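# Remarks on the overall topology
Chain by chain, the residues run as shown.
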Amino acid sequence: LLLSLVLSIGCALSLTSCSATPPEVPEGYVLYENDDLSFAYPEGWVSQKGSITILASSLSGGNNITLAYEEKTDAYEDFTVESFNTLLKPSLESIGMSISGVVITEEKTNNVELTKITYDATVGNMKVYQTLFITTVGENTYTITITELNKDSKLVDTVFKTLYSKES
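Below you will find a few notes about this structure. Nothing here was measured: the structure is a model prediction, and the numbers come from that model. Residue indices follow the written sequence of each chain, beginning from 1 at its first position. Where local features are concerned, this predicted model is filtered to residues with pLDDT of at least 70; where side-chain atom pairs are given and counted, the filter is 80 or more; whole-chain, interface and lining totals use all residues. Excluded from the side-chain calculations are hydrogens and water; all other atoms, namely the structure's heavy atoms, are used.

Bridging between strand E7 (residues 112-123) and strand E8 (residues 126-137) involves nine bridges; their strand directions are antiparallel. Within E8, the residue paired with threonine 122 across the bridge is lysine 127. A strand pair is defined by DSSP finding two or more bridges across the two strands. Put simply, DSSP H or I for four residues or longer makes a helix, DSSP E for two residues or longer makes a strand, and each gets a number counted from the N terminus. Once E7 ends, the chain turns through two residues before running back antiparallel as E8, passing glycine 124 with a positive phi of about 65°. Relative to strand E9 (residues 140-148), E8 runs antiparallel, the two being bridged by nine bridges. Directly across from isoleucine 134, in E9, lies its bridge partner threonine 143. Following E8, the chain reverses through two residues before pairing antiparallel with E9; glycine 138 in that reversal takes a positive phi of roughly 60°.

What follows concerns the pattern of salt bridges. Any Lys or Arg side-chain nitrogen found within 4 Å of a carboxyl oxygen on Asp or Glu counts as a salt bridge. Scanning all chains against the criterion turns up three salt bridges. Glutamate 93 is paired through a salt bridge with lysine 89; the nearest N and O atoms lie 4.0 Å apart. With glutamate 93 and lysine 89 both in helix H3 (residues 89-94) and four residues apart, this pair spans about one turn of that helix. When a residue's accessible area, from a 1.4 Å probe over protein chains only, is under 20% of the maximum for its type it is buried; when over 50% it is exposed; and in between it is partly exposed. Here lysine 89 falls in the partly exposed class, since its relative accessible area comes to 22%.

Moving on, we get to the sheet that holds strand E10 (residues 164-165). The strand order across the open sheet formed by three strands is E1-E2-E10, and the pairing between neighbours is antiparallel. At either margin of the open sheet sits one strand with a lone partner, and together these are strand E1 (29-33) and E10. With five bridges joining them, E1 and strand E2 (residues 37-42) adopt antiparallel strand pairing. By the bridge assignment, leucine 31 is partnered in E2 with alanine 40.

Read from one edge to the other, the open sheet built from seven strands follows the order E3-E4-E5-E9-E8-E7-E6, with strand pairing classed as antiparallel. Each edge of the sheet is formed by a strand with only one pairing partner; in this case those strands are strand E3 (46-48) and strand E6 (97-109). Across the sheet, the mean angle separating the axes of adjacent strands is 15° when strand polarity is ignored. Relative to E9, strand E5 (residues 64-71) is paired through eight bridges, and the arrangement is antiparallel. Within the sheet, the bridge partner assigned to alanine 68 lies in E9 and is threonine 143. Across the sheet, helix H4 (residues 153-162) lies against E5, E6, E7, E8 and E9, angled at about 160° from E9, the strand it touches most. Between N-to-C directions, angles cover 0 to 180 degrees, with each direction set by a line fitted to C-alpha atoms, over the stretch in contact for helices. Should any heavy atoms of two residues lie within 4.5 Å, those residues are considered in contact.

In structure tokens form, the structure reads like this:
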């Protein structure tokens, strides 16, 4: 009985130490961190923190990453294009965006499960590409929006591959 108890405790402790470790930050990138999650973004970008954090190649425009959060919600679980068209598209169109090519997938990276939404947007004569990573960590649901004025698949790929939840 004592041996079973020791083995059970040992197994439980070994499982808790096997949680995912934060990924390495690639060269040319730095780590963004808050209390719940982290990810890499290009070195030299400007950081503007507030209730919404903006990481940008410059404050005068260009590619950027916006991090926002809301109280924990399950609204993005089993999210579909129809859900997008009902919940998100009207607000995007109300600010003058024309949306096309919406693709929604469920993904996992490191220890983060997320909903990934990609689409093309036209604002006036300018075409932009947006990728949203939506995940819940603790009591918050985070939306990381990557806006590309200049298509940069390495940016999106790096944010995705380095996204890490501090919650085990």
